[in-house]
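Coordinate analysis (summary)
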Amino acid sequence: MAWQSTRMAEPEIDTRFELHAAVHVHANPHTVYDTVSDITRMGEWSPENTGGEWLTAPPGRAGARFRGHNRGEQRDWTTECEVLAADRPHLFSWGVHGSVNAAETSTWSFEITPTEGGCLLTQRYVMSELRHGLRVQLAELSEQQAALFLARRRSRLEGGMRHTVRAVKRTIEQAPGLTPTND
């Protein structure tokens, strides 16, 4: 019998996906945009992100970079991100870099669409490529285990995104002096 390596190859499963969660917010789009584009506050709403800090000035503009801090079930991690779009009051998005100065591996965004009496806030997540750490973890699993791991990760992300947009909604709608117009 020929010798075979016990190390698993990277699974042959599709690791790309897109998720979103949306909620109607009774506030003007500018207020919603100003809230969700303040990455230093993300830890107030997200069950995974614990906050962030700007690395470059001016903050909140396309090209600005920040660090995002996260906590998971088994470990904490920090990512370096770059603002990709800052179109007030419609879209705020950022790419998560796989490593410093690397191309983004995933993209997060908040889309704000004016509606009667407020706006629709949609958080979107697009996984275009697994970060190195996740690739290493998956390479040690069977294809079935890797598929289960990714399904659980997607489910946690979806739940976290629903939690996040609802928490943003509560924060904004409970703020004093709220103006629910579409200015």
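Everything discussed here concerns the structure shown above.
In short, a report on the structure. (Residues numbered from 1 in each chain as written. Predicted model: local features only at pLDDT ≥ 70, side-chain atom pairs only at ≥ 80, totals over all residues. Heavy atoms only, no water.)

Turning our eyes to something else, we now look at the pattern of salt bridges. Taken as a whole, this structure holds 9 salt bridges when the rule is applied. Linking Glu44 and Arg41 is a salt bridge whose minimum nitrogen-to-oxygen distance equals 2.9 Å. Residue Arg41 is classed as partly exposed on the basis of its relative accessible area, which comes to 25%. Here Glu53 ties to Arg67 by a salt bridge, and the two come within 3.7 Å at their closest N and O atoms. Of the two residues, Glu53 is situated in strand β2 (residues 49-54) and Arg67 in strand β3 (residues 65-71); the sequence distance between them amounts to 14 residues. The partly exposed category is assigned to Glu53, whose relative accessible area is 30%. Exposure remark for Arg67: the relative accessible area of 35% places this residue in the partly exposed category. Connected through shared salt-bridge partners, Glu18, Glu111 and Arg124 make up one network. (Salt bridge = Lys/Arg side-chain N within 4 Å of Asp/Glu carboxyl O. Buried < 20%, exposed > 50% of the residue type's maximum accessible area, 1.4 Å probe, protein only. Helix = DSSP H or I, 4+ residues; strand = E, 2+ residues; numbered from the N terminus.)

The biggest cluster of nonpolar side chains holds 32 residues, and the ones touching the most others in it are Val25, Val32, Trp94, Trp108, Ile112, Leu121 and Tyr125. Taken together, the elements giving at least two residues each to this core come down to β1 (17-25), α1 (29-36), β4 (76-87), β5 (91-97), β6 (104-115), β7 (118-127) and α3 (143-173). No other element matches the 6 residues that α3 contributes to this core. Dropping the residues within four chain positions of it, Val25 is found in contact with Val32, Gly117, Gly118, Cys119, Leu121, Lys169, Ile172 and Glu173. (Core = buried A, V, L, I, M, F, W, Y, C linked by side-chain atoms within 4.5 Å. Contact = heavy atoms within 4.5 Å.)

So, on to the packing of aromatic side chains. For the structure on display, the rule yields 7 aromatic pairs. Ring geometry for Trp108 and Tyr125: centres 4.3 Å apart, planes at 45 degrees, overall tilted. Here Trp108 is found in strand β6, whereas its partner Tyr125 is found in strand β7, with 17 residues between them in sequence. Owing to a relative accessible area of 5%, Tyr125 belongs among the buried residues under this scheme. One aromatic cluster in this structure is built from Tyr33, Trp54, Phe66, Phe92, Trp94 and Phe110. Sitting over the face of the ring of Phe17, Arg154 holds its NZ or CZ atom 5.2 Å from the ring centroid. (Phe/Tyr/Trp six-rings, centres within 6.5 Å; stacked < 30°, edge-to-face > 60°. Lys NZ or Arg CZ within 6 Å of the ring centre and 35° of its normal.)

Moving on, we get to the environment of Phe110. Within the secondary structure, Phe110 sits in strand β6. Along the chain, Phe110 and Leu121 lie 11 residues apart, while their C-alpha atoms are 6.7 Å from each other. Residues within four places of Phe110 in sequence aside, it is in contact with Val36, Met42, His90, Leu91, Phe92, Trp94, Leu121, Thr122, Gln123 and Thr164.

Any functional reading would require information that these geometric values do not contain.
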